[in-house]
Amino acid sequence: MEENQPKTGKYALNYGLLLGGVSIIFAFMLYTADMHYQGGIAVMLISIALSLAALLFAMIQFRKANNGFMSFGQGLKIGVGVCLIGGIIGIIFNQIMVNVIDPEMMNKAMEFQRNQLMETTKMTTEQIDAQMEMGKKFSTPSMQVIFGLVFSLVLGFILSLIPALVLKKQENLD
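From a predicted model like this one, the values you see are computed outputs, not experimental measurements. (Residues numbered from 1 in each chain as written. Predicted model: local features only at pLDDT ≥ 70, side-chain atom pairs only at ≥ 80, totals over all residues. Heavy atoms only, no water.)

Caption draft 1: Structural view of the pattern of salt bridges. Under the defined criterion, the tally for this structure stands at two salt bridges. Asp-102 is the partner of Lys-108 in a salt bridge, and the nearest nitrogen-oxygen pair spans 3.0 Å. On the basis of relative accessibility, which here comes to 7%, the residue Asp-102 falls in the buried class. Across the pair Arg-114 and Asp-129 runs a salt bridge, and its minimum N-O distance is 2.4 Å. (Salt bridge = Lys/Arg side-chain N within 4 Å of Asp/Glu carboxyl O. Buried < 20%, exposed > 50% of the residue type's maximum accessible area, 1.4 Å probe, protein only.)

Caption draft 2: Structural context of a nonpolar patch on the surface. The grouping of Ile-88, Ile-92, Ile-96, Val-100, Val-145 and Leu-149 at the surface amounts to a nonpolar patch, some 460 Å² of accessible area in total. Among the elements that take part in the nonpolar patch, helix 3 (residues 72–101) stands out by supplying four residues, more than any other. In this structure, Val-145 sits in helix 6 (residues 141–167). The class of Val-145 is partly exposed, set by a relative accessible area of 30%. (Patch = residues over 30% accessible without salt bridge, like charges linked within 9 Å, V, L, I, M, F, W, Y side chains within 5 Å. Areas by Shrake-Rupley, 256 points an atom, 1.4 Å probe, with all protein chains shown as cover. Helix = DSSP H or I, 4+ residues; strand = E, 2+ residues; numbered from the N terminus.)

Caption draft 3: Broad picture of the side chain of Gln-95. Tracing the sequence through the fold places Gln-95 in helix 3. Sequence-distant contacts of Gln-95, defined by excluding residues within four places in its chain, comprise Val-100, Pro-141, Gln-144 and Val-145. (Contact = heavy atoms within 4.5 Å.)

Caption draft 4: Layout of the environment of Ala-58. With respect to the element layout, Ala-58 can be found in helix 2 (residues 41–65). For Ala-58, a relative accessible area of 0% puts it in the buried group. Separated by 32 residues in the primary sequence, Ala-58 and Gly-90 have C-alpha atoms spaced 18 Å apart.

Caption draft 5: The side chain of Thr-8, seen in detail. Structurally, the position occupied by Thr-8 is in helix 1 (residues 8–32). The exposure class assigned to Thr-8 is buried, which follows from its relative accessible area of 17%. Leaving out residues up to four positions away in the same chain, Thr-8 has contacts with Phe-62, Gln-74, Lys-77 and Ile-78.

Caption draft 6: Spotlight on the environment of Ile-46. Structurally, Ile-46 can be placed in helix 2. For the pair formed by Ile-46 and Phe-26, sequence separation is 20 residues and the distance between their alpha carbons is 9.1 Å.

Caption draft 7: Inspection of helix 4 (residues 105–120) at higher detail. In this model, helix 4 (16 residues) spans 22 Å end to end at C-alpha, consistent with the 22 Å of a helix rising 1.5 Å per residue. Buried within helix 4 are the following residues: Met-105, Met-110 and Leu-117. One side of helix 4 carries all its buried residues, which in axial view fall inside an arc of 135°. (Expected span 1.5 Å × (residues − 1). Arc of directions from axis to C-beta.)

Caption draft 8: Region of interest: the layout of surface pockets. Taken as a whole, the largest pocket holds about 1,600 Å³ of empty space. Every residue lining the largest pocket is counted, 46 residues in all, and those nearest its centre are Gly-39, Val-43, Met-44, Asn-94 and Phe-151. Taken together, the elements giving at least two residues each to the lining of the largest pocket come down to helix 1, helix 2, helix 3, helix 4, helix 5 (125–137) and helix 6. Top contributing element to the lining of the largest pocket by residue count: helix 3, with 10 residues. Taken together, the residues of the lining of the largest pocket sort by class into 27 nonpolar, 19 polar and no charged. (1 Å grid on protein atoms, 1.4 Å probe; cavity = no way out; pocket = protein on both sides within 12 Å on 5 of 7 lines; lining within 4 Å. Points joined across faces, edges and corners; volume = space filled by probe spheres on them. Nonpolar A, V, L, I, M, F, W, Y, C, P; charged D, E, K, R; others polar.)

Here it is as structure tokens:
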């Protein structure tokens, strides 16, 4: 007798929406501290931790709803889905941030990067200017969307590997 098995997409969507919402709150916190254009290791680590927490919760809830069972593939689908949906929401919010909330954000980010390079490297002003010009080519809205989607998929895949392996439990079909 076949039971109704929970759908991985439902868990990916619900927890992806949750991740997107939490990411927007985090982005607003950075904005209010005037740190939204700086990036850095701490911001990246917090973002990764939020993504990992969301996909872990999604996998655990799916497994509970599926009588304690989850295949590696199901775990991977859930994790990548959570990160992709959260990433799409983050990309949309970032475009709103750059185009509506703080139209000077990209200029602030470039100036911050220029100052960082001047302080931490031995590059000449001409080399820094050349690097900044190269960076402008990759900061267009379409490139931000493409890089954001690719990053979300890759991050989701990498972050999902170990939890999907640890949480997997196959039904014995004997």
